[in-house]
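# Per-entry structural report
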Amino acid sequence: MSTVDWKNYEPVLIPNIKDIHKIDVYRKNGGYEALKSVLTDKKKWADQKSVIEEVKSANIRGRGGAGFNAGLKWSFMPPADGGPRYLACNGDESEPGTFKDRKIFEYNPHVFIEGALIAAYAMEITSIYVYIRGEYKAYIQMMEKAIQDAYDAGMIGKNIFGSDFSVDFYVHSGAGAYICGEETSMLESLEGKRGYPRVKPPFPAQKGLWGRPTTINNIETLSHVTSVINRGADWFKSIGAENHPGPILYGISGHVNRPGVYELPSGVPVFDLINDVAQGMRNGKKLKAVIPGGSSTPVVRADQLDGVTMDSDSLREVGTMLGTAGMVVMDEDTDMVDMLWRITHFYHHESCGQCTPCREGTGWLEKVMLKIKNGEGEIKDLDLLLDITTQMEGRTICALADAAAWPVRHTITRFRDEFEARCKKSVHAVA
Amino acid sequence: MKYEFTEDDLQEIEKIKAKYPEVKAATLPALWVAQNRFGHVNSDVQKLVAETLELPEAHVHGVATFYTQYYKEEKGKFVLDVCTCLSCQLCGGYDVLERAEEKLGIKAGETTDDGMFTLNEVECLGACGYAPMLQITNDKYVNNLTPEKIESLIEDLKAGKTPEYEQIEMPLRKVK
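Residues numbered from 1 in each chain as written. Chains lettered and ligands numbered in written order. Predicted model: local features only at pLDDT ≥ 70, side-chain atom pairs only at ≥ 80, totals over all residues.

### Some words on the overall build of chain A
Quick reminder of the rule: Numbering of helices and strands runs from the N terminus, with a helix taken as a DSSP run of H or I at least four residues long and a strand as a DSSP run of E at least two residues long. Our radius of gyration looks at C-alpha atoms and nothing else; its globule reference is 2.2 Å times the residue count to the power 0.38. Comment: burial labels come from other C-beta atoms within 10 Å of the residue's own C-beta, placed from the backbone, where a count of 20 or more is buried, 12 or fewer is exposed, and between is partly exposed. Distance between backbone-placed C-beta atoms decides contact: two residues are in contact if it is within 7 Å.
Counting its regular elements, chain A contains 17 helices and 9 strands. In summary, chain A has a C-alpha radius of gyration of 22 Å against a globular reference of 22 Å for 431 residues, a match within 12%. Taken along its principal axes, the extent of the C-alpha atoms in chain A is 80 × 45 × 35 Å. Considering chain A as a whole, with its 431 residues, one finds that 57% of them fall into the buried category. When contacts within chain A are restricted to residue pairs at least 6 apart in sequence, long-range pairs at least 24 apart make up 71% of them.

### Observations concerning helix α2 (residues 27-38) of chain B
Spelled out, the test is: In this analysis, the expected span of each helix is defined as 1.5 Å times one less than the number of residues it contains.
Between the first and last C-alpha of α2(B) there are 16 Å, a value that for 12 residues agrees with the 16 Å anticipated at 1.5 Å per step. All buried positions along α2(B) are accounted for by Thr27(B), Leu28(B), Pro29(B), Ala30(B), Leu31(B), Trp32(B), Val33(B) and Ala34(B). Buried residues along α2(B) sit against β3 (168-173) and α8 (183-190) of chain A together with α1 (7-17), α3 (43-53) and α4 (57-66) of chain B. One or two residues past the end of α2(B) sits Gly39(B), with phi positive at roughly 85°.

### Focus on the pairing of strand β7 (residues 287-291) of chain A
Residue and element names in this part refer to chain A. Here is the rule we go by: When DSSP finds two or more bridges between two strands, those strands count as paired.
The element β7 is extensively covered by neighbouring structure, given that 5 of its 5 residues are classed as buried. For β7 and strand β9 (residues 326-331), the ladder comprises 4 bridges, and the chain directions are antiparallel. Looking at the pairing, Ile291 lines up with Val328 of β9. Here β7 pairs with strand β8 (residues 300-301) via 2 bridges, running antiparallel. From the neighbouring strand, Ala289 faces β8, where its bridge partner is Arg301.

### Here we look at the environment of Tyr26(A)
Residue and element names in this part refer to chain A. Within the element layout of this structure, Tyr26 appears in helix α1 (residues 23-28). Overall, the presence of 26 C-beta atoms within 10 Å leaves Tyr26 in the buried class. Taking C-alpha positions, Tyr26 is 8.2 Å from Asn108, a pair spaced 82 residues apart along the chain. Aside from chain neighbours lying at most four places away, what touches Tyr26 is Ile20, Gly31 and His110.

### Quick notes on the sheet that holds strand β5 (residues 247-254) of chain A
To summarise the sheet geometry, strands pair through backbone hydrogen bonds and adopt either a parallel or an antiparallel arrangement. Residue and element names in this part refer to chain A. Ordered by their spatial adjacency, 5 strands build an open sheet running β6-β5-β9-β7-β8, and the pairing between neighbours is mixed. A single partner strand is all that each edge strand has here, and the edge strands are β6 (260-265) and β8. Taken together, the 4 bridges between β5 and β9 define a ladder with parallel strand orientation. Across the sheet, residue Ser253 finds its bridge partner in β9, namely Val328.

### Section: the sheet that holds strand β1 (residues 86-91) of chain A
Residues and elements named next belong to chain A. We apply this condition: Think of each axis as a best-fit line through the C-alpha atoms, taken over the contacting stretch in the case of a helix, with angles from 0 to 180 degrees between the N-to-C directions.
Spatially, β3-β2-β1-β4 is the arrangement adopted by the 4 strands of the open sheet, whose pairing is parallel. Bordering the open sheet on either side are β3 and β4 (214-218), each of which pairs with just one other strand. Taking the axes of each pair of neighbouring strands and ignoring which way they run, one obtains an average angle of 20° across the sheet. Relative to β3, strand β2 (residues 127-132) is paired through 6 bridges, and the arrangement is parallel. Within the sheet, the bridge partner assigned to Ser127 lies in β3 and is Asp168. Sheet contacts for helix α6 (residues 109-123): β1, β2 and β4; angle to β1, the most-contacted strand, approximately 150°. Those strands touched by α8 are β1, β2, β3 and β4, and its axis lies near 110° from that of β1.

### Points about the interface of chain A and chain B
Definition in use: Amino acid classes used here: Ala, Val, Leu, Ile, Met, Phe, Trp, Tyr, Cys and Pro are nonpolar; Asp, Glu, Lys and Arg are charged; the rest, including Gly, are polar.
Of the residues lining the interface, 55 residues belong to chain A; the matching set on chain B comes to 41 residues. Counting only elements with at least two residues in the side of chain A that touches chain B, the list comes to α5 (101-107), α7 (137-152), β3, α8, β5, β6, β9 and α13 (336-350) of chain A. Tallying contributions element by element places α13(A) first for the side of chain A that touches chain B, with 6 residues. Of the residues contributing to the side of chain A that touches chain B, the split by class is 23 nonpolar, 19 polar and 13 charged.

### Digging into the domain arrangement of chain A
Buried accessible area, meaning the area lost when the parts come together, often serves as the stated size of an interface. Residue and element names in this part refer to chain A. What counts is decided by this rule: Source of the domain bounds: an automatic or database domain assignment.
Taken domain by domain, chain A holds domain 1 (23-237), domain 2 (247-280 + 291-323) and domain 3 (336-422). Each of domain 1 and domain 2 was reduced to a C-alpha centroid, and the two centroids are 26 Å apart. Tallying the contact residues gives 11 residues for domain 1 and 13 residues for domain 2. Looking at the side of domain 1 that touches domain 2 residue by residue, the class counts come to 2 nonpolar, 4 polar and 5 charged.

### A closer look at the domain arrangement of chain B
As far as domains go, chain B holds domain 1 (7-66) and domain 2 (78-158). Between domain 1 of chain B and domain 2 of chain B, the C-alpha centre-to-centre distance is 29 Å.

### Things to note about the nonpolar core
The line we're drawing: Connectivity within a nonpolar core runs through C-beta atoms within 7 Å, and the core itself is a set of buried Ala, Val, Leu, Ile, Met, Phe, Trp, Tyr and Cys residues.
Core analysis: the largest hydrophobic core is formed by 189 residues, its most contacted members being Ala88(A), Tyr250(A) and Met133(B). Residue contributions to this core peak at 10 residues, all from α6(A). In contact with Tyr250(A), not counting residues within four places along its chain, are Val261(A), Tyr262(A), Leu264(A), Leu273(A), Met310(A), Ala325(A) and Met327(A).

Structure representation (C-alpha cells):
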C-alpha cells in the first residue's frame, strides 16, 4: 500500500490566499472560471450530461457522511419537464465531532457557491437553497453576503455568462434540530414544517421539495465540484486514497494538542493525523480510542489502529466508517461508560419521535446507560443494551436509529471489560 | 401583552415569502423575525406569526415547539447554552457547566431571579475543535472555555461587555 503524501499537499478547497472569501479576490484567482467554462465552452462541455459524467467519474463521495458518489446521485434526476427543480445544499452540520463546513462558509464561500451553480446547471435546477443550522448565525450572515455579491456580479440570476441558464440562490436558516441534517427531514424543514424524515421511496430526485425533483448535497461535496471542473476528474482521483478520492476537510477534536480543521488528502494514516497534524496527545497521555467520523461512526481502540488510514476501505477493515471525517480523539483517562452515556443522551434528545423503535429505543438506551454510569447496572443490562440496538437498526424511516445504535453496540463490544467493571455483581435468586 | 410586528418586520416577512413557492415555507424564518423582535415566541407570538402568514396556529405551534432555538417563553437577557456533547464532554464541558451553575446560583434550565441569565445544557453546536464552548442567546460562540473563563465571561456580561465574533484559523493554513 502506498502512503499518501499529505506533507506536500497544497490546499485547493480553502487555498492559502488572503481574503479569498471576497468575490473580487476569488475571481482574480480563477474563481467562477469553472462555471463560465461549463456554460460557454461548448467544445469542452457539449451539454449538461457531459458535466454530470465528469463529476461521476471523479467519484466525489458525499462528505456529509454517507459517502455516496455525488455525480451518480445527480444522474438520478428525471429529465426536465419545464417545471421547477431544486438543489438543497446541506449545511446543517450537527453530527457531534463535525465542524468543517463552517470553514467553507467563512473562508471560501464562493468555491461552494460556484460548485452549487455548476451542479444546478448540470441538473437543470431552477432554485438553490442552502440550509444552514440556526446556531451558525455568523456563517448565515457570511453566506447571505457572499450570495448577494455573486448576484451583483452576475454569477447568480438570469442568463449567467450570457447563457440561457438562470437560477436563484437562497439561504434558509435552521432552528436547532440535529435531525434536519437527514436529507428528507431537511426538505420538510425547508418547507416550513417539523423536521420529520420522509418515507422513501419516492426519493427526492422524483419527489423532493414541494413534490418536485430535488437533489441534496453536502456543502463540502459541492465545493469539490468546482475543483473537479477546473482540474478534471483524473486530477481529483489522483489525490489521496483510491477508494475515497480527493481532498477532505478533517475535523480533529478531543484530547490532542492542536485540534482544528485541516484540508488534506483522503487516506492519511490515523496516527499521522493525531501525532503530526494535531501535534500529539495532550499532556503526554496515551491514546485510548478514536471515533473517526462523527458520533455515529463506531469507536476504534488504539490497538486496532496500526496502519489504518482515513478512507472507507481501511476503516471498514476495523469495523468503522469515514463518516464526516470529524475525528474525536480520546486519551487513556477517558471513561468510556460516561462517553457512551453522553452519546445516548444526544440521540435520545434528537430523535424526532416519529418511529417507535427510535423514539422508545433511544430513550431506553439512555436510561440503561445512566443506570450503568451510576454504578447500578448489572451485567445483564449490557446484553439488554445490545438487544435494544438490534430492535432499532433498520426498522425506522431514517438512519437516526442506526446512528444511535452503532456507538452502543461497538463501544460495549470493544470496551466490554470497562463496562462490566462498572456493573454490580449480579445476584439472582433462582426460582 | 399585545404583540405586533413593525412595518419593517412585515416588509421583511414579505421578502421572505418571495423566496419560496409556498407561504408555509416562511414559517421558520418568520418565527426568527418574531423572536428577534420580541425575544421569544410564546403562544401569543406564535398566534401573531400564524395570523401574519395566514396559516393555522396549530401549524406554527407545532413548528415552534419542534426546534430548540425558539424560546417558547421569556428567557434571561443572556441565554448561556453550554455544550456538553461528546468533544465538549471530553474536554471538560461539565466542569464549565457546574462552575456556571455555582456562579449564577441556578441549575441548567433555570433563569436567575434578576432575569439576567438563563443557563442551558445543550447538544453539539459544531465547534468540537474549540471545546468546551457555549453560545450566547443564539448568537456569539465563546470557545475553549475553562471554569475560570466562564466566571469572567459572566462578570463581563453583567458589566455589559459582550464578546465579539471569534475567528479561528485552520492551523495548517498559511495565508500568502
